[in-house]
Amino acid sequence: LSLVAVDIGATNIRVAVGDVNSLKVKRSEVTDRLNGPEGVPRQIARMIRSLSVEPDAIGVGSIGPLDVRKGAIGATPNFAFKQIPIVAPLVEDFSVPVQIMNDCNAAVIGEHNYGAGRGIDNLFYVTLSTGLGGGAIVDGNPLNGKDGNAPEIGHLTLDPDSELMCGCGCRGHWEAYCSGANMPKFARILLRSRDTEGGLLMKMAGGDFEKLTPEMIFDAAKRGDGDAVFVVEEIGEMNAIGFANIVNAFDPELITIGGSVALNNSDLVLEAIKKGIDEHLINRKPQIMLTPLGMDVVLYGGLALAGKLSKGTS
Ligand SMILES: [Zn+2]
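Each value, and the rule that gives it
- Residues numbered from 1 in each chain as written.
- Predicted model: local features only at pLDDT ≥ 70, side-chain atom pairs only at ≥ 80, totals over all residues.
- Heavy atoms only, no water.
- Helix = DSSP H or I, 4+ residues; strand = E, 2+ residues; numbered from the N terminus.
- Rg over C-alpha atoms; globule rule 2.2 N^0.38 Å.
- Contact = heavy atoms within 4.5 Å.
- Lys, Arg positive; Asp, Glu negative; His and termini not counted.
- Charge placed at Lys NZ, Arg CZ, Asp CG, Glu CD.
- Donors = N, O, S within 2.8 Å, 3.2 Å for Na, K, Ca; no water.
- Tetrahedral: all angles 85-135°; square planar, octahedral: opposite > 155°, others 65-115°.
- Buried < 20%, exposed > 50% of the residue type's maximum accessible area, 1.4 Å probe, protein only.
- Arc of directions from axis to C-beta.
- Pairing = 2+ DSSP bridges.
- Core = buried A, V, L, I, M, F, W, Y, C linked by side-chain atoms within 4.5 Å.
- 1 Å grid on protein atoms, 1.4 Å probe; cavity = no way out; pocket = protein on both sides within 12 Å on 5 of 7 lines; lining within 4 Å.
- Points joined across faces, edges and corners; volume = space filled by probe spheres on them.
- Nonpolar A, V, L, I, M, F, W, Y, C, P; charged D, E, K, R; others polar.
- Axes fitted to C-alpha atoms, helices over the stretch in contact; angles between N-to-C directions.
- Phe/Tyr/Trp six-rings, centres within 6.5 Å; stacked < 30°, edge-to-face > 60°.

Visitor: Tell me about the overall build of the protein, residues and numbers included.
Guide: In terms of regular secondary structure, the protein is built from 11 helices and 13 strands. Whereas a compact globule of 314 residues would reach a radius of gyration of roughly 20 Å, the protein reaches 20 Å, a difference of no more than 12%. On the principal axes, the C-alpha backbone points of the protein span a range of 65 × 45 × 35 Å. Contacts spanning at least 24 positions in sequence make up 61% of the contacts within the protein whose residues lie at least 6 apart. Side chains of the protein carry 28 positive and 38 negative charges; the gap between the two charge centres is 4 Å.

This is the structure we're talking about:
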């Protein structure tokens, strides 16, 4: 059985082949954003062919928002196109069943089938990356929502009066504070009230906080820079509120965390969440840990989807 898993990201597309037990061979390429809405499905098809397998089924986890009924990526700030069809072109190319799912929803299914969530009926996955999102298994079932976009936790409002605008156009969303893309702006606001001249963080930014990156903030914090430690603590407090909202809404037994920001800075990120979450909780605190599947968690979700599709046809 050859199961193909696809992870469509804004930056990279990853494709893998595996069997029901694990991923075997993986490929990664920079996402084609230049060749129209057909560019992405064409790139995926070419990457699958490069694996020299005859797929039996294809499972796709993708950046959203999705139009699951159309099997397409909807309008997203990441692409200049209104809609990117994924399922139909792949079905046409390979004549096998194809399913697409929001990347975080795929990730939580990957966690449930292959990771730390095996045997756990109430499970939540959070990605802290360029963006911020989540996926849920509720009472043993994946939560999808009417359009396949539940639960968009990055767009929970933490402060409607915030001066931080989210990429979605709303004010004070969780993602506006804590995603890799938005964190530098939050840091600049926090640092206004501090004397940062001559500090390590200011030096790393070349004297201009407009050039701040999440890597600089975490690296300087690891080296004990006071400004960076302050910023990381404030980001951690907002993450703690966000995680408490998840626990209060979903009552999960386990929350796993993935995404590059979390995976590259696990101690700083996890510590702050565990420290700050208690004062915002009404439900019993779940176990909170990094995903053992690392950067492959969405691919494992695609593998689980493909496995289920292949059973449906055989
Ligand atoms: Zn938002």
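Visitor: Run through the coordination of the zinc ion, naming residues and quoting values.
Guide: Every protein donor of the zinc ion is accounted for by H155 (ND1), C166 (SG), C168 (SG) and H173 (ND1), and the metal-donor separations fall at 2.0 to 2.3 Å. Geometry at the zinc ion is tetrahedral, judged from its four donor atoms and the angles of 99 to 121° they form at the metal. On the primary sequence, the residues serving as donors to the zinc ion are separated as H-x10-C-x1-C-x4-H. Judged by its relative accessible area of 6%, H173 falls in the buried class.

Visitor: Requested: an account of helix α2 (residues 87–94), with residues and values cited.
Guide: Residues of α2 that are buried: V87, L90 and F94. Along the axis of α2, the buried residues cluster in a sector spanning 70°; they form a single face. For α2, the elements touching its buried residues are α1 (39–49), β4 (57–62), β7 (84–85) and β8 (98–102). Just beyond α2, the residue with positive phi is S95, at close to 50°.

Visitor: Talk me through the sheet that holds strand β6 (residues 72–73); I want residue IDs and the actual numbers.
Guide: If you walk across this open sheet you meet the three strands as β5-β6-β7, and the pairing is antiparallel. Two strands close off the open sheet at either side, each with one partner strand: β5 (66–67) and β7. Note: β5 against β6, two bridges, orientation antiparallel. Residue pairing for β6: D67 is matched across the bridge by A72.

Visitor: Describe the nonpolar core, listing the residues and the values that go with them.
Guide: Ranked by internal contacts, the top residues of the largest apolar core, which has 45 residues, are L212 and F243. For this core, the element with the highest residue contribution is helix α8 (residues 226–250), accounting for nine residues. Not counting residues within four places of it along the chain, the set of residues in contact with F243 comprises V126, W174, I255, I257, I273, I277 and I288. Formed by 28 residues, the second largest nonpolar core is a distinct cluster that contains V6, A10, I73 and F79.

Visitor: Can you explain the layout of surface pockets? Please cite residues and give values.
Guide: Remark: the empty space left among the atoms is shown by a probe the size of a water molecule rolled over them. Approximately 1,200 Å³ is the volume attributed to the largest pocket. Looking at the lining of the largest pocket, the elements that each hand over two or more residues are β1 (3–8), β2 (12–18), α3 (103–114), β9 (123–128), β10 (132–138) and α11 (297–313). Take the lining of the largest pocket: its biggest share by element is three residues, from β10. Considering only residue class, the lining of the largest pocket consists of 14 nonpolar, 21 polar and five charged.

Visitor: Mind laying out the sheet that holds strand β12 (residues 254–258), listing which residues take part and the relevant values?
Guide: The pairing of strands in a sheet happens through backbone hydrogen bonds and is either parallel or antiparallel. Strand order in the open sheet formed by five strands is β11-β10-β9-β12-β13, with mixed pairing between adjacent strands. The open sheet has two edge strands, β11 (141–142) and β13 (287–290), and neither has a second partner. Judged from the four bridges that link them, β12 and β13 form a sheet pairing that is parallel. Bridged to L254 within β13 is Q287. Its contacts with the sheet place α8 against β9, β10, β12 and β13, and it is angled at close to 155° to β9.

Visitor: Could you give an account of the packing of aromatic side chains, naming the residues involved and the relevant values?
Guide: Scanning the model with the defined rule gives five aromatic pairs in all. Considering the side-chain rings of F124 and F250, the 4.9 Å spacing of their centres and the 55° angle between planes classify their relative orientation as tilted. Of this pair, F124 sits in strand β9 while F250 sits in helix α8, placing them 126 residues apart in sequence. Both rings, one in W174 and one in F243, keep their centres 5.8 Å apart while their planes meet at 75°; by these two values the pair is edge-to-face. One end of the pair, W174, is in helix α4 (residues 174–178); the other, F243, is in helix α8, with 69 residues separating them in the sequence. Judged by relative accessible area, F243 falls into the buried class, the value being 0%.

Visitor: Explain empty space enclosed by the protein to me, using residue names and the numbers behind them.
Guide: Inspection of every chain in the model, using the stated rule, returns one cavity of 30 Å³ or more. A volume near 60 Å³ is recorded for the largest cavity. Listed by contribution, the elements that provide at least two residues to the lining of the largest cavity are α8 and α10 (266–276). The element best represented in the lining of the largest cavity is α8, accounting for four residues. The residue makeup of the lining of the largest cavity, split by class, is 10 nonpolar, two polar and no charged.

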